[in-house]
Amino acid sequence: MCGIVGYLGSRQAYDILIQGLHRLEYRGYDSAGAALVNAEGSLNVYKAKGKVSNLEQSAAGKDTTGTLGIAHTRWATHGEPNDVNAHPQISQTHSIALVHNGTIENYNVLKKALIQHGYTFESETDTEVLVQLIEYIKLTGGCSLLDAIIEALHQVEGAYAIAVVEENDPDTMIVARKSSPLVIGVGDDETFIASDATPIVGFTDRVVYLRDNEIAVIKRNEPLRIISLENNKPSKIDIQTLKLSVAQLEKGGYDTFMLKEIFEQPATLRDCIRGRIVDDCNRIVLSGVEIHRDRFLNARRIVLVACGTSWHAALIGKRLIQEMCRIPVEVEYASEFRYGNPVLDKQDIVISISQSGETADTLAAIQLAREKGAFVYGICNVVGASIPRNTDSGTYIHVGPEIGVASTKAFTGQVTVLTLLALSIGQLRGTVVPETVHEIASALMEMPKTIEKVLKLDGEIQKLSRTFTYAHNFLYLGRGYNYPTALEGALKLKEISYIHAEGYPAAEMKHGPIALIDHEMPSVIIAPSDSLYDKIINNVQQVKSRGGSVIAIVSKGNRAMAEMADYTLEIPDVPECLTPIVASIPLQLLAYYIAINKGKNVDQPRNLAKSVTVE
Ligand code: F6R
């Protein structure tokens, strides 16, 4: 939520900031703004409600010179999206500009105190309080900007990644973080800062991930300095090599990132399993498990924590792990888990699932789990993100940057890694027979080709989508492994087309939702030929007999369903536990085309952001 970017070097900062904001726009697009300090030390600030392109328009023809600048794209938390609430926020004397990702929880208390000291506020943001506080401390204490920021950060409660610049100092940018991500790109005589590495790609591959409670001082012609906010001592600077390319951040000929990411899935799943299935599909190797074999051998319980789509993957993970490892598994929303005073001990394993690795609730959940002594394992996509850096061990899904706000390839990557994880723990504990390992591992090796076949449904789904574009409600039904697939299909439709959709375990439908069914309410029923197929047939009949139309996802060659359902989409046969991967793809495409038919911006749906770094 919210993206920040900054530059100090010899090039003009503005274009770099704008390009960076475009790459960060997935984090929020309620408003955008930039502050530039030019060679004379003047501070120029431009802000606009809405997308980065609005900012470009409003700054056109104005003085955007300067080789130092900071910028922001906002996902509104405090105060409605408008120009005044946009960042950068400026101090009362207009001398300090600050961009912020996070939330200052005690901003009301601080604001009241500053008002008593004669400060007035223009915006409704928590961020303005922070910049005013910095200025107040600087002016009253007669201290440097750095010391004022350090003191102010000691007074604020909450989460932040901030970047600060000051009028009359074209040579200094100060950044700090607590619970919100911040990456520093170290170039030759130039430095970049951003919420994630995407604005830095193409400029330098040398990055430093700022740790919690660290502040960095970036000065022209001086080496980077990082200081711990806990003890004011210099921190070790750990430069890492970035493995992202510009091509990975572009649409590659597709109309949207979402469509590109749906069609990338054969390749991303190939990357996801690479090197992890060995010995002719007879063994799974996950180094995160191997290194900690005793933990997995002695585990008494596993708790999966996640949010949104990742939580749906967790529900599938629960079934996989219970079936293959015979360990009790619970699935919790991270936001509920963290406030539920969970009972945990050393023999519990908490597995967090997160595409971004920055989701505030998931991060807090694992921090709590570690405090309580549990072993924490992370399944994440973004390399070097906060969650993998706060876990005891883990596995990356390696599906590459997911830029479309609606998660697609990350979901299939998460389910794939959960399958590998369940198999690898099962092997270790002797709870899964070698034949099962071989069968599932072989099917996973074939999965890229299998998905290529599923993607051939594209034209058919596009056509089908036209029939349903104007439905107001949808029901998604599935059983067993595909109950979470139904939840995920409904979420995809809701978030990009704004059509109300509910996912339900198919058999539960008759306990309530059946009352909603009429000829205007289509049901999408996920019914591959698995162990629950005979049961789900009854549910299809229940919908049909009430006048509802049925779109059924079935295994290839299922003619019987074609006679019952209004539309069938055939997917290749795979082992039952892998059906969610295959069945989710037609659901992604259906949601995609319905949203496109309605003229929606599928990559940036309203009110959403890719990385939810606030509670
Ligand atoms: C839905 C979606 C969200 C995320 C959720 C968790 O398409 O993308 O529901 O799944 O915000 O995000 P991560 O996985 O980054 O923790």
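Quantities reported herein were computed from a predicted structural model and do not represent experimental measurements.

**Details of helix H12 (residues 360–371)**
- Between the first and last C-alpha of H12 there are 17 Å, a value that for 12 residues agrees with the 16 Å anticipated at 1.5 Å per step.
- In terms of burial, H12 is a largely internal element, nine of the 12 residues being buried.
- On its buried face, H12 is in contact with strand S17 (301–306), helix H11 (334–337), strand S19 (348–354), strand S20 (375–380) and helix H13 (386–389).
- Of the residues trailing H12, Gly373 is marked for its positive phi of about 95 degrees.

**Examining the nonpolar core**
- Among the nonpolar cores identified, the biggest contains 95 residues, and Leu304, Ile351, Tyr377, Phe474 and Tyr476 are the most heavily contacted of them.
- The element contributing the most residues to this core is helix H20 (residues 579–597), with 12 residues.
- Here this core gathers at least three residues from each of two domains, domain 2 (257–445) and domain 3 (456–597).
- Aside from chain neighbours lying at most four places away, what touches Leu304 is Ala314, Gly317, Lys318, Ile321, Val329, Glu330, Val331, Glu332, Ile351, Ile353 and Leu418.

**Details of the packing of aromatic side chains**
- Going through the model one piece at a time under the given rule, you end up with 11 aromatic pairs.
- On the numbers, 5.9 Å between centres and 85 degrees between planes, the contact of Phe296 with Phe375 is edge-to-face. Taken together, the positions of Phe296 in helix H9 (residues 293–297) and Phe375 in strand S20 put the pair 79 residues apart, joining distant regions of the chain.
- For Phe296, a relative accessible area of 0% corresponds to the buried category.
- Using a relative accessible area of 2% as the deciding quantity, one classes Phe375 as buried.
- Judged by centre distance (6.0 Å) and plane angle (35 degrees), the ring pair of Phe474 and Tyr476 falls under tilted.
- By the ring-pair criterion, three or more aromatic residues cluster together here, those being Phe468, Phe474, Tyr476 and Tyr567.
- Lys51 extends its terminal NZ or CZ atom over the ring of Tyr29, reaching a point 5.2 Å from the ring centre.

**Notes on the domain arrangement of the protein chain**
- Domain boundaries assigned for the protein chain yield domain 1 (3–249), domain 2 (257–445) and domain 3 (456–597).
- Put simply, the middle of domain 1 and the middle of domain 3, counted by C-alpha atoms, are 45 Å apart.

**Points about the site of the ligand**
- Near the ligand there are 15 residues, and of these Ser310, Ser354, Ser356, Thr359 and Glu495 occur at the shortest range.
- Here Val405 contributes a backbone N or O atom positioned 3.4 Å from an oxygen atom of the ligand.
- Within the side chain of Lys492, a nitrogen or oxygen atom sits 3.0 Å from an oxygen atom of the ligand.
- When contributions to the shell around the ligand are tallied by element, the ones reaching two or more residues are helix H10 (308–325) and helix H17 (483–497).
- Classifying every residue of the shell around the ligand by side-chain character gives five nonpolar, eight polar and two charged.
- Counting only domains with at least three residues in the shell around the ligand, you end up with domain 2 (257–445) and domain 3 (456–597).

**Here's the deal with the environment of Leu43**
- Assignment of secondary structure puts Leu43 in strand S3 (residues 43–49).
- Spatially, the C-alpha atom of Leu43 lies 49 Å from that of Ile585, the residues being 542 residues apart in sequence.

**Digging into the pattern of salt bridges**
- Across all of its chains, the model carries 20 salt bridges by this definition.
- In this structure, Glu452 and Arg270 form a salt bridge, with 3.9 Å as the shortest nitrogen-oxygen distance. Taken together, the positions of Glu452 in helix H15 (residues 434–455) and Arg270 in helix H7 (residues 265–273) put the pair 182 residues apart, joining distant regions of the chain.
- For Glu452, a relative accessible area of 39% translates into the label partly exposed.

**Things to note about the sheet that holds strand S21 (residues 393–396)**
- Strand order in the open sheet formed by five strands is S18-S17-S19-S20-S21, with parallel pairing between adjacent strands. Whereas interior strands pair on both sides, the edge strands pair on one side only; in this sheet they are strand S18 (329–333) and S21. Here the average twist between neighbouring strands, direction ignored, is 20 degrees.
- As paired elements, S17 and S18 share five bridges and run parallel to each other. Opposite Leu304, over in S18, you have Val331 as the bridge partner.

**A word on the packing of H10 against helix H14 (residues 409–429)**
- Contact pair H10 / H14: the axes reach a minimum separation of 9 Å and the direction vectors enclose 20 degrees. Comparing their axes, H14 and H10 come out roughly parallel. Our pair here, H10 against H14, has a crossing hand that is right-handed. Here H10 contributes Thr309, Ser310, His312, Ala313, Ala314, Ile316, Gly317, Leu320, Ile321, Met324 and Cys325 to the contact with H14, which in turn contributes Phe411, Gln414, Val415, Leu418, Thr419, Ala422, Leu423, Ile425, Gly426 and Arg429.
- Counted by class, the contact of H10 with H14 contains 13 nonpolar, seven polar and one charged residues.

Calculation rules
- Residues numbered from 1 in each chain as written.
- Predicted model: local features only at pLDDT ≥ 70, side-chain atom pairs only at ≥ 80, totals over all residues.
- Heavy atoms only, no water.
- Helix = DSSP H or I, 4+ residues; strand = E, 2+ residues; numbered from the N terminus.
- Expected span 1.5 Å × (residues − 1).
- Buried < 20%, exposed > 50% of the residue type's maximum accessible area, 1.4 Å probe, protein only.
- Contact = heavy atoms within 4.5 Å.
- Core = buried A, V, L, I, M, F, W, Y, C linked by side-chain atoms within 4.5 Å.
- Domains from an automatic or database assignment.
- Phe/Tyr/Trp six-rings, centres within 6.5 Å; stacked < 30°, edge-to-face > 60°.
- Lys NZ or Arg CZ within 6 Å of the ring centre and 35° of its normal.
- Near = heavy atom within 4 Å.
- Polar contact = N/O pair within 3.5 Å; in protein donor to acceptor, adjacent residues only side chain to side chain.
- Nonpolar A, V, L, I, M, F, W, Y, C, P; charged D, E, K, R; others polar.
- Salt bridge = Lys/Arg side-chain N within 4 Å of Asp/Glu carboxyl O.
- Pairing = 2+ DSSP bridges.
- Axes fitted to C-alpha atoms, helices over the stretch in contact; angles between N-to-C directions.
- Parallel < 35°, antiparallel > 145°, perpendicular 65-115°, else oblique.
- Left-handed = near helix turned anticlockwise from the far one by under 90°.

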